[in-house]
Amino acid sequence: MQNRDAGHTPVTVIGLGLMGQALAGAFLRDGHPTTVWNRTAAKAEHLVAQGAKLADSVGEAVAASPLVVVCVSGYDAVHELLDPLDEVLHGRVLVNLTSGTSEVAGETAAWAARRGGSYLDGAIMAIPQAIGTADAVILYSGPQEAFDLHEPVLRSLGAGTTYLGGDHGLSSLYDVAVLSLMWNILNGFLQGAALLGAAGVDAAAFAPIAKAGIGTVADWVSGYAQQVDDGAYPALDATIDTHLASMEHLIHESEFLGVNAELPKFIKALADRAVADGHGGNGYAAMIEQFRKPVEVRI
Ligand SMILES: NC(=O)c1ccc[n+]([C@@H]2O[C@H](COP(=O)([O-])OP(=O)(O)OC[C@H]3O[C@@H](n4cnc5c(N)ncnc54)[C@H](OP(=O)(O)O)[C@@H]3O)[C@@H](O)[C@H]2O)c1
């Protein structure tokens, strides 16, 4: 059921850090009566100047709106703020855009249910400056009725408003999956920049080639995803054996130029294990088998 009066739905935003301020600002720009609360009240000043109402307490903030968005630094802070409220959540939809993990999302959903509230867990895939624009992707998971009811309001936060399903943990899971992607891409770029830098090449000169390389790899993702889902990894381009030879070049170059070879060696160690498991003749997607099993990590 959609909220016919979505254009005027009051919204509460709890937590006015860099992200919370952006969220409240986007609701205000779309004309939603917006109540805000923050531990440090001074951060609400410019929002109040734009028409937000500053609540005196968290309880008053929650009671002000049928849709309550919380975005603070962690789930501990969420519980510190909301646990003492008892019944105030009853009949409201709580949307938690605080970053976390699927486990704590599930626990928080159970906690909200005990207080009679509907709970959507969310993950923001955007920086504060992108909130309210076409570039902001925000993921939601939890009861579909709650999402459908408030989707038009949540769209104020970004065109990439995406519902993932009823399992509350999904948005956090997608979030950490994307973080894995981000850090691996950035680490790869920085390894390359360190190598080129050791040879006197600026990172700026590498940047356009790096972007093209990332784009090329991005084009492989759908095909690899199909192989991962099928559990069959025919080598369409190169075998893992062929990749291994190039991995040795990366280690050799790193050591030769005196830059850190830890990451290249780790990448090769994974591929060595895949070969030991009989995947040398398969395509790179067969490496999924190495990622699926836990390994004891010594740091
Ligand atoms: N910034 C980004 O680019 C970005 C992107 C995606 C997701 N996120 C997520 O959004 C969430 C907020 O990030 P942010 O950038 O807004 O962080 P931030 O600027 O550091 O703000 C943190 C917020 O949490 C509040 N807070 C922390 N501990 C608290 C406590 N014990 N009790 C009450 N309030 C408490 C702070 O209140 P005070 O103002 O009183 O300190 C502030 O409102 C995080 O989960 C983050 O991972 C951020």
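Just so we're clear, the structure is a prediction, and the values are computed from it rather than from any experiment.

Mapped onto the present numbering, the UniProt feature "domain: NADPH-dependent reductive aminase-like C-terminal" (unreviewed entry) falls at residues 167–293. Taken end to end, residues 167–293 comprises 75% helix and 0% strand; its first and last C-alpha atoms sit 23 Å apart.

One can describe the packing of helix α7 (residues 170–198) onto helix α9 (residues 240–257) by two numbers: an axis separation of 10 Å at closest approach and a directional angle of 45°. Relative to α9, the element α7 lies oblique. Judged by the twist between their axes, the crossing of α7 over α9 is left-handed. Two secondary-structure elements touch here, α7 through Q191, L195 and A198 and α9 through L250, E253, S254 and L257. By residue class, the composition of the contact of α7 with α9 is 4 nonpolar, 2 polar and 1 charged.

Here we come to the UniProt feature "domain: 6-phosphogluconate dehydrogenase NADP-binding" (unreviewed entry) in the protein. Residues annotated by UniProt as "domain: 6-phosphogluconate dehydrogenase NADP-binding" (unreviewed entry) correspond here to residues 11–165. Taken as a whole, residues 11–165 contains 35% helix and 24% strand, while its terminal C-alpha atoms sit 23 Å from one another.

This part is about the site of the ligand. If you check the shell around the ligand, you find 21 residues, and the closest are M19, N38, T40, K43 and S99. S99 has a polar side-chain atom sitting 2.7 Å from an oxygen atom of the ligand. The protein chains hide 75% of the 890 Å² of surface that the ligand would expose on its own. Put simply, the parts of the chain that give the shell around the ligand at least two residues each are α1 (18–29) and α4 (75–82). The dominant element in the shell around the ligand, judged by the number of residues it contributes, is α4, at 3 residues. Here the residues of the shell around the ligand are counted per class, giving 11 nonpolar, 7 polar and 3 charged.

Rules of the game
Each chain has its residues counted from 1, following the order in which its sequence is written. For this predicted model, a pLDDT threshold of at least 70 governs which residues receive local features, and a threshold of 80 or more governs which side-chain atom pairs are given and counted, while totals over whole chains, interfaces and linings are taken from all residues. Hydrogen atoms and water are omitted, and side-chain values are computed over all heavy atoms in the structure. UniProt positions are given in the numbering used here, feature names are shortened, and annotations may be inferred rather than shown by experiment. Helix and strand definitions here come from DSSP, where helices need a minimum of 4 consecutive H or I residues and strands a minimum of 2 consecutive E residues; each element is numbered from the N-terminal end. Axis definition: a line fit to C-alpha positions, over the contact stretch in the case of helices; interaxial angles, taken between N-to-C directions, run 0 to 180 degrees. When describing relative orientation, an angle under 35 degrees is termed roughly parallel and one over 145 degrees roughly antiparallel, while 65 to 115 degrees is termed roughly perpendicular and anything else oblique. Helix crossings are classified by the rotation of the near helix relative to the far one: an anticlockwise turn of less than a right angle makes the crossing left-handed, while a clockwise turn makes it right-handed. Contact definition: two residues touch when any of their heavy atoms are within 4.5 Å. The nonpolar class holds Ala, Val, Leu, Ile, Met, Phe, Trp, Tyr, Cys and Pro. Asp, Glu, Lys and Arg form the charged class, and all remaining residues, Gly among them, are polar. Nearness of a residue to a molecule or strand requires only that one of the residue's heavy atoms be within 4 Å of it. Definition of a polar contact: a pair of N or O atoms within 3.5 Å, with one able to donate and the other able to accept a hydrogen when the atoms are protein atoms, and with sequence-neighbouring residues admitted only if both atoms are side-chain atoms. Note that accessible areas follow from Shrake-Rupley with a 1.4 Å probe, and for residues the cover is restricted to the protein chains shown.

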